[in-house]
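Chain residues, written in single-letter form:
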Amino acid sequence: MADRLEISIANDREAIPEIVAAVGALIEENGLPPDIAYALELAIDELVTNAISYGYPEGGSGTVTVEAGIESDRVVLVVRDDGIAFDPLHESPEPTLEGTVEDRPIGGLGLHLVEAMMDEVAYERRDGENRLTCVKRR
């Protein structure tokens, strides 16, 4: 049984299901409960989509890598990209949570959901990469 996975894709949204499927298989192999599986899959979808959408202006090419590690007491997810430097935890505007869905501006809720569902979320820029690390306790 594998307890660690690393998968890299080109910065293309069409490749996101490949990452979700690979991490989904790791989750299933390790018998993680549905709430943890859901949180991880949502985080991957949101963070990889954001990296691809905003990290590569003018359609530039690059690589997005997802690492998932299952430990006895927690699951660690790292999303890395070689796009432009951007700390979404401090540079993103606060999401609008008031009002009806129709009245709210588009965007901003995904990262808010990731932060709410994970026990820890941290950003760092290292070796020319953006790194978002998420921890979900088991």
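Residues numbered from 1 in each chain as written. Predicted model: local features only at pLDDT ≥ 70, side-chain atom pairs only at ≥ 80, totals over all residues. Heavy atoms only, no water.

Caption draft 1: Geometry of helix α1 (residues 16-29). Under the 1.5 Å per step criterion, the end-to-end length of α1 is 20 Å for 14 residues, consistent within 8% with the ideal 20 Å. Turning to α1, its buried residues are I16, I19, V23, G24, L26 and I27. When α1 is viewed along its axis, its buried side chains cluster within an angular range of 160 degrees and face the same direction. Facing away from the buried side of α1 by more than 90 degrees, the exposed set consists of P17 and E28. Residues of α1 that are buried in the fold lie against β1 (4-10), α2 (34-55) and β2 (63-70). With its phi angle positive at about 60 degrees, G31 sits one or two positions after the end of α1. (Helix = DSSP H or I, 4+ residues; strand = E, 2+ residues; numbered from the N terminus. Expected span 1.5 Å × (residues − 1). Buried < 20%, exposed > 50% of the residue type's maximum accessible area, 1.4 Å probe, protein only. Arc of directions from axis to C-beta. Contact = heavy atoms within 4.5 Å.)

Caption draft 2: Spotlight on the nonpolar core. Membership of the largest hydrophobic core comes to 35 residues, with the highest contact counts inside it found for V48, V66 and L77. Taken together, the elements giving at least two residues each to this core come down to β1, α1, α2, β2, β3 (74-81), α4 (109-117) and β5 (129-137). Among the elements that line this core, the one with the most residues is α2, at 11 residues. Leave out the neighbours within four places in its chain, and V48 touches I9, I16, I19, A43, V64, V66 and V79. (Core = buried A, V, L, I, M, F, W, Y, C linked by side-chain atoms within 4.5 Å.)

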